[in-house]
Amino acid sequence: MSKQIKGNHKHLTQDDRIYIEKSLDLKMPFREIAKYLMKDPTTISKEVRLHRRLKPRNPFNQENNCTRRIKCSLKNICGTGECGQMLCKGCPMCNERCVEFEAIRCRMTDKAPYVCNGCTKKSNCRMEKHYYIASHAHTEYEHLRSSSREGINLTEAEIVHIDDFVSPLIQKGQSIAHIYAGHKDDMPFTSKTLYNYVNHGVLSARNLDLPRKVKYKPRKKHKETPKRDRKSLVGREYSDFTKLMQECPDTAVVEMDTVEGTKGGKAILTLFFRSSKFMLAFLTKDKTMNSVLKVFEYLESEFGADLFRNTFPVILTDNGSEFLDPLLLENGNGNVRRTSIFYCEPYASYQKGMLEKNHEYIRYILPKGSSFDALSQKDISLMLSHINSTARTSINSRTPFELASLLVDERVIRAAGIQRIEHDDVCLRPSLFRK
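Residues numbered from 1 in each chain as written. Predicted model: local features only at pLDDT ≥ 70, side-chain atom pairs only at ≥ 80, totals over all residues. Heavy atoms only, no water.

Draft legend 1. Expanded view of the pattern of salt bridges. Per the counting criterion, the structure on display carries 17 salt bridges. A salt bridge links Glu-402 to Arg-398; its shortest N-O distance comes to 3.5 Å. Judged by its relative accessible area of 31%, Glu-402 is partly exposed. Arg-411 is the salt-bridge partner of Asp-409, the closest N and O atoms lying 3.1 Å from each other. By relative accessible area, which is 27% here, Asp-409 ends up partly exposed. If you follow the salt bridges from partner to partner, you end up with Asp-257, Asp-318, Lys-352 and Glu-356 in one network. (Salt bridge = Lys/Arg side-chain N within 4 Å of Asp/Glu carboxyl O. Buried < 20%, exposed > 50% of the residue type's maximum accessible area, 1.4 Å probe, protein only.)

Draft legend 2. Quick peek at the packing of helix α2 (residues 30-37) against helix α3 (residues 41-51). Two numbers describe how α2 lies on α3: the axes approach to 8 Å, and their chain directions differ by 110°. Relative to α3, the element α2 lies roughly perpendicular. Across from Phe-30, Arg-31, Ile-33, Ala-34 and Leu-37 in α2, the residues of α3 making contact are Pro-41, Ile-44, Ser-45 and Val-48. Classifying every residue of the contact of α2 with α3 gives seven nonpolar, one polar and one charged. (Axes fitted to C-alpha atoms, helices over the stretch in contact; angles between N-to-C directions. Helix = DSSP H or I, 4+ residues; strand = E, 2+ residues; numbered from the N terminus. Parallel < 35°, antiparallel > 145°, perpendicular 65-115°, else oblique. Contact = heavy atoms within 4.5 Å. Nonpolar A, V, L, I, M, F, W, Y, C, P; charged D, E, K, R; others polar.)

Draft legend 3. Looking closely at the packing of aromatic side chains. Under the criterion given, the structure shown has 13 aromatic pairs. Residues Phe-241 and Phe-342 carry aromatic rings whose centres are separated by 5.9 Å and whose planes lie at 55° to one another, so their mutual orientation is tilted. Pair noted here: Phe-241 is in helix α9 (residues 238-247) and Phe-342 is in strand β7 (residues 340-343), with a separation of 101 residues, a long-range link. Relative accessible area serves as the criterion here: at 2%, Phe-241 is assigned to the buried category. (Phe/Tyr/Trp six-rings, centres within 6.5 Å; stacked < 30°, edge-to-face > 60°.)

This is the structure:
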């Protein structure tokens, strides 16, 4: 197969992984998947085995998970004698203490396709399962690719060898460029790398030893924002959203955005229900796509696929980099569509103005520029409890919490940790977290 596909050595993309997941759900063989993606079948096999995700068995379905449990007649394997003549296979500690324990496992995961995605028996199966999930696989791949490029690509002996002749020359006043020009063959890297080794303290010489280094301020690095693939907006633009609202005016709409603390620190993902003005908020470790995806996966695991779909049928958000990939957000476990994402027009935040207005309540408690790093999700839930218990003239002096108790499933409110606050106890000041 690989001989027919010469030169195709590119890494698998996120779209490739989504195709692999869908194909496994349809029980397609690796050869067919590889043919479509123009890869070798072993590439697909390695990808699935490397990134498959284990779902442990539920011990409450069957406590004893030993293959010998039916015919087993062992007694008193723990040596205490407290069980009398009782067979050990009925003891909840049997699997942990028995030296003859052999776990029940599905042999189908030992050979292709190595996962349970397309298995027809998975809904009733009590054994541990393995699934290939595109979003999880791509996240692992990105982490591995990033971590593999960190650190120093030299052995300790090589560092000592380079330090022995480079550092004395630097301390003589020679520049890095001059040293590199004379010893290029002795250094298996570029002059830029040598600058970095000095800068990070890998060598004995330091920045202070360089004649010009301390005279200049380090240049600011401008972080490149990821570019959106315009194809992902097809069918998801604001004009498509307004068309849907005209055709299905009763569809529930949830507006989504993030509130940022200090640059690079923790952020808050907000979800605002238009019908009740009720707002959910979740603390994320940063303002990235992966953090938003983790919140979605948490909510789906808490609610289940059906309740998630009914609670968030349509989500309207902006063009922030943390919402770049609608496919990852729209498709849940098993690649089943869980919501529909639509995007406002660029620089048109007024198109989700209700949420933008509601963010003012957050800024009353957490002024702009304040850091969220010391906060926990419990703090965010407390803040949202006070915000959602604030009466609004636009809803006839009712509170969003009152309307949500009628329009939103109580499991949603419970998962967010939001509680009703008495009218006179509502606090919308930074002092809320100092009580």
